[in-house]
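Here are the chains, one letter per residue:
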Amino acid sequence: MKFSDFEGIYHFKLKGENDSDHTLEYEASLDEGEVNVYVGVNGENELIFTIKGGESYDNTIALDDKYDDVKTIYVIVESENKSSNGDFEFEYN
């Protein structure tokens, strides 16, 4: 997801493979503003990172045991104020 200006919420539905390791790989960068990124399953959202203007990330995280039987997760990208020039990529394994 690339954007020049963003304010609000985006939801992404990600499906893992049958032999999933339950990891989330992400790359994120943002020029201005602040964005919270959550992973959601069964109506529960868990904050995985916050990115602020001028920051960038390239990371892989292992998801908790509660994701062991989950084939589909949601990634929620949320900005309460205007954020600019962002790029977010996610992969669920």
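Above this note sits the structure.
Residues numbered from 1 in each chain as written. Predicted model: local features only at pLDDT ≥ 70, side-chain atom pairs only at ≥ 80, totals over all residues. Heavy atoms only, no water.

K.L.:
Give a description of the nonpolar core that names residues and reports values.
P.N.:
One finds L24, V37, F49, I73, V75, F88 and F90 to be the most contacted residues of the largest nonpolar core, which totals 23 residues. Here the element with the most residues in this core is strand β6 (residues 72-92); it accounts for six residues. Not counting chain neighbours up to four residues away, the residues in contact with V75 comprise Y10, H11, F12, L14, L24, V37, Y38 and F90. (Core = buried A, V, L, I, M, F, W, Y, C linked by side-chain atoms within 4.5 Å. Buried < 20%, exposed > 50% of the residue type's maximum accessible area, 1.4 Å probe, protein only. Helix = DSSP H or I, 4+ residues; strand = E, 2+ residues; numbered from the N terminus. Contact = heavy atoms within 4.5 Å.)

K.L.:
Report on the environment of F90, specifying residues and quantitative values.
P.N.:
Looking at the element boundaries, F90 is found in strand β6. Note: C-alpha distance between F90 and V37 (53 residues apart in sequence) is 11 Å. When neighbours within four sequence positions are excluded, F90 is seen to be in contact with F12, L14, L24, E25, Y26, V37, F49, V75 and V77.

K.L.:
So what about the side chain of S83? Which residues, and what values?
P.N.:
Tracing the backbone through its elements, the reader meets S83 in strand β6. Owing to a relative accessible area of 0%, S83 belongs among the buried residues under this scheme. A distance of 3.4 Å separates a polar side-chain atom of S83 from the backbone nitrogen of E34. Aside from chain neighbours lying at most four places away, what touches S83 is F3, S4, D5, F6, L30, E32, G33, E34 and V35. (Polar contact = N/O pair within 3.5 Å; in protein donor to acceptor, adjacent residues only side chain to side chain.)

K.L.:
Give me the side chain of N36: which residues, what numbers.
P.N.:
Checked against the element boundaries, N36 lands in strand β3 (residues 34-41). Relative accessible area serves as the criterion here: at 18%, N36 is assigned to the buried category. Those residues in contact with N36 that lie beyond four places of it in its chain are L47, F49, T50, I76, V77 and E78.

K.L.:
Break down the pairing of strand β4 (residues 44-52) for me, citing the residues and quoting the values.
P.N.:
Where β3 and β4 come together, eight bridges link them in antiparallel fashion. The residue bridging V39 from the neighbouring strand is E46, located in β4. Between β3 and the antiparallel strand that follows it, β4, lie two residues; N42 among them carries a positive phi value of about 50°. (Pairing = 2+ DSSP bridges.)

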